[in-house]
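Commentary on secondary and tertiary structure
Spelled out, the chains give:
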Amino acid sequence: MKIFVPMDSAAKALGAEKVVAALRDAAPGAEIVRTGSRGMIWLEPLVEIEIDGIRHGYGPAEPEDVPAILDGTSGKAVGAVENLDWMKRQTRLTFARVGVVDPLSLADYITHGGLAGLRRALSMSGQDIVDEVKASGLRGRGGAGFPTGIKWQTVHDAQPAQKYIVCNADEGDSGTFADRMVMEGDPFTLIEGMIIAGLGVGASKGYVYLRSEYPDAIAVMTRAVQIAQAEGMLGDNILGSGKSFDMEIRKGAGAYVCGEETSLLNSLEGKRGVVRAKPPLPALEGFLGKPTVVNNVISLATVPVIFEKGAQYYADYGLGKSRGTVTLQIAGNVARGGLFETAFGISLGDVVNDLAGGTLSGHPVKAVQVGGPLGAYMPPSKFDTPLGYEEFDQQGGLIGHAGLTVFDDTTDMLGMARFAMEFCAVESCGKCTPCRIGAVRGVETIDRIAEGDADALPLLADLCETMKDGSLCALGGFTPFPVMSAVTHFPDDFARQKEAAE
């Protein structure tokens, strides 16, 4: 008997280790394979039993369910996992292997298509590799949506011999977990993507800057790098090609602002994690003053499938200038939360009402915050907006890391606006005045509005404009998005405060 159980952090948090212990006691002769999560968090821990090559799921499993699961009589049976609606409707490119393979088995990785992209890239010139990424239309999945190929081209064209690839794995946005799921569920795809990036731009060294709050991801990535080095995937002779690239895992210290690329680079160098003024761009003067590609986990983990299947294959998905797939992370007050990978173009309403199944509370949806704590709050009137960078920008929103947090009609949007300002005040690195002082004044101004001072509303708008235009990085520059979207779309929540005061 072959049994699959996730070792993903979410599954562990929901009791996966106790279920595994019960399985080992009840079926000592069974082969238990630990995988990543399939992304259906409401079914975790999800136990899968392989029957005639088809994996049948049971979840959410508890230790006492094990006997019935093993004899096939459990009422928690969900059927063939690949045939579940959640799975069938996805376009899994970046996440094709997550939940399927043993994350630390390189043989398993290769069996499921791993290294095909790298082998192709090894036969290409650096410029051809960069051109392939440009043709795919891949954009940065960390938030800004900057074309990945353009960034690579800048580093490729830079003169210094020493260049670096830095993976930004400091996934600090609330309601986001795609980076963690890849690192815990398919670490070799991230390693492969970083190697291809190094070959493309002429970099021989890479670093993954991983947040300290992800101990499982740190352990899996560290072991995966060791395996890759031992098997000749990393080092001075990549897959026998004579080309070299090596990498290290570096742990952050918990600062949200280190998700910003220049703060991250300062931290990586052992300095205080504060924002650098740009120019110079990291692509020209990055880590240790050398040309550096700084890409998000999902961006780099997507590179192997582009080289395996071709740039056009990837570019054929999506809409407008948003090509390929978006890894939606659905969280908050929802009936079904989890990871769903699909082509750009799906509407926000379809995600919330269909995929997520509406709210868990049963109350109407009031708002959806897209893009983490600095994302705008989108009301139901905006639910026909398709998921695309330009399409969201036209509606005053941003996709960011594609995390969606849903709120029902009991939510006080003035309180959420205050939280955004308070969050910025706490997490500011202090480098620039608009962010450092503006966020503190923002909390005070929202408190005045809560006490019934309607004259403070124009002041809040003025303050947000200053933060947006004057901040050095996105922390201060994007905080106005949640604040002003709350004011614009939910004016009653701010007016009610005045009525209460009167």
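The present account deals with the structure reproduced in this document. (Residues numbered from 1 in each chain as written. Predicted model: local features only at pLDDT ≥ 70, side-chain atom pairs only at ≥ 80, totals over all residues. Heavy atoms only, no water.)

**Comments concerning the packing of helix α17 (residues 413–427) against helix α18 (residues 433–450)**
Heads up, the rule is: Convention adopted: a line fitted to C-alpha atoms gives each axis, helices being fitted over their contacting stretch, and angles between N-to-C directions are expressed from 0 to 180 degrees. Here a strand is any run of E in DSSP of at least two residues, a helix any run of H or I of at least four, and the numbering for each starts at the N terminus. Relative orientations are named as follows: roughly parallel for angles under 35 degrees, roughly antiparallel for angles over 145 degrees, roughly perpendicular for angles from 65 to 115 degrees, and oblique for any other angle. Two helices that cross are described as forming a left-handed crossing if the nearer one is turned anticlockwise from the farther one by less than a right angle, and a right-handed crossing if clockwise. We call two residues contacting when some pair of their heavy atoms lies within 4.5 Å.
Where α17 contacts α18, the two axes come as close as 8 Å, and the packing angle between them is 155°. Between α17 and α18, the interaxial angle falls into the category roughly antiparallel. In this structure, α17 crosses over α18, and the sense of that crossing is left-handed. Counting all contacts with α17, which are made through Leu414, Ala417, Arg418, Met421, Glu422, Cys424 and Ala425, the residues of α18 involved are Cys435, Gly438, Ala439, Val440, Gly442, Val443, Ile446, Asp447, Ile449 and Ala450.

**Here we look at the sheet that holds strand β9 (residues 292–296)**
Filter applied, for reference: Strand pairing is assigned whenever DSSP detects at least two bridges linking the two strands.
The parallel open sheet is built from four strands, whose spatial order is β8-β7-β6-β9. Every interior strand has two partners, whereas the edge strands, β8 (246–251) and β9, have only one. Strand-to-strand, the axes of this sheet are offset by a mean angle of 20°, without reference to chain direction. Running over the sheet, helix α11 (residues 215–230) touches β7 (205–210) and β8 and is turned about 165° from β8.

**Here we look at the sheet that holds strand β1 (residues 2–6)**
By way of backbone hydrogen bonds, the strands of a sheet pair with one another, either parallel or antiparallel. Here we have five strands laid out as an open sheet, ordered β2-β1-β3-β4-β5, and mixed in their pairing. Unpaired on one side and paired on the other, β2 (31–35) and β5 (77–80) mark the two borders of the sheet. Ignoring strand direction, the axes of neighbouring strands in this sheet form an average angle of 25°. The pairing of β1 with strand β3 (residues 47–51) spans two bridges and is classified as antiparallel. Directly across from Ile3, in β3, lies its bridge partner Ile49. Where helix α2 (residues 16–26) meets the sheet, it contacts β1, β2 and β3, and its direction lies at approximately 165° from that of β2.

**Examining the packing of helix α9 (residues 178–185) against helix α10 (residues 187–201)**
Relative orientation of the contacting elements α9 and α10 amounts to 100°, with a least axis distance of 5 Å. With respect to their mutual orientation, α9 and α10 come out roughly perpendicular. Residues Val182, Met183 and Gly185 of α9 lie in contact with α10, whose contacting residues are Pro187, Thr189 and Leu190.

**As for the pairing of β7**
For the record, the criterion: Only protein chains enter the calculation, and the probe is 1.4 Å; a residue is then buried if its accessible area is under 20% of its type maximum, exposed if over 50%, and partly exposed in between. By convention a crossover is right-handed if, when the strands point away from the viewer, the path from the first strand over the helix to the second runs clockwise.
Most of β7 is tucked away, with six of its six residues classed as buried. Burial of the side chains of β7 extends over both faces: Lys205, Tyr207 and Tyr209 are buried on one face and Gly206, Val208 and Leu210 on the other. For β7 and β8, the ladder comprises six bridges, and the chain directions are parallel. Bridging from a neighbouring strand, Tyr209 pairs with Arg250 of β8. Crossover connection from β7 via α11 to parallel β8: handedness right-handed.

**Comments concerning the nonpolar core**
Applied cut-off: Nonpolar cores are built from buried Ala, Val, Leu, Ile, Met, Phe, Trp, Tyr and Cys residues. Side-chain atoms within 4.5 Å join them into one set.
Judged by nonpolar contacts, the single largest core of 62 residues is most densely connected at Trp152, Ile191 and Leu210. Of all the elements, α10 adds the most residues to this core, at nine residues. Beyond its immediate sequence surroundings of up to four residues, Ile191 is in contact with Met221, Ala224, Val225, Ala228, Met233, Leu234 and Met247. Among the nonpolar cores identified, the runner-up in size contains 35 residues, and Phe407, Met467, Ala486 and Phe494 belong to it.

**A short note on the side chain of Thr189**
Note the cut-off: For the purposes of these results, a polar contact is taken to be a pair of N or O atoms within 3.5 Å, where, inside protein, one atom must be able to donate a hydrogen and its partner to accept one; residues adjacent in sequence count only when each atom of the pair is a side-chain atom.
Secondary-structure assignment places Thr189 in helix α10. Looking at Thr189, the relative accessible area reads 1%, which means it is buried. Here Arg97 takes part through its side chain, which lies 3.4 Å from a polar atom of the side chain of Thr189. What Thr189 contacts, discounting residues up to four positions off in sequence, is Arg97, Tyr109, Val182, Leu300, Ala301 and Pro304.

**Quick look at the packing of aromatic side chains**
Basically, it comes down to this: Note on aromatic contacts: the rings of Phe and Tyr and the six-membered ring of Trp form a pair at centre separations within 6.5 Å, being stacked when their planes are under 30 degrees apart, edge-to-face when over 60 apart, and tilted otherwise.
Considering all chains together, one arrives at 12 aromatic pairs under this definition. Pairing Tyr313 with Tyr317 gives two aromatic rings, centres 5.7 Å apart and planes at 75°, and the pair type is edge-to-face. Among the residues examined, Tyr313 registers a relative accessible area of 32% and is labelled partly exposed. On the basis of relative accessibility, which here comes to 25%, the residue Tyr317 falls in the partly exposed class. Residues Phe419 and Phe423 carry aromatic rings whose centres are separated by 6.0 Å and whose planes lie at 40° to one another, so their mutual orientation is tilted. With Phe419 and Phe423 both in helix α17, this residue pair falls four residues apart, about one helical turn. By relative accessible area, Phe419 is classed as partly exposed at 41%. A relative accessible area of 16% places Phe423 in the buried class.

**Topic: the side chain of Thr342**
Residue position: Thr342 is located in strand β13 (residues 338–343). Take Thr342: its relative accessible area is 10%, and that puts it in the buried class. Not counting residues up to four positions away in its chain, the partners in contact with Thr342 are Thr91, Thr325, Val326 and Leu328.

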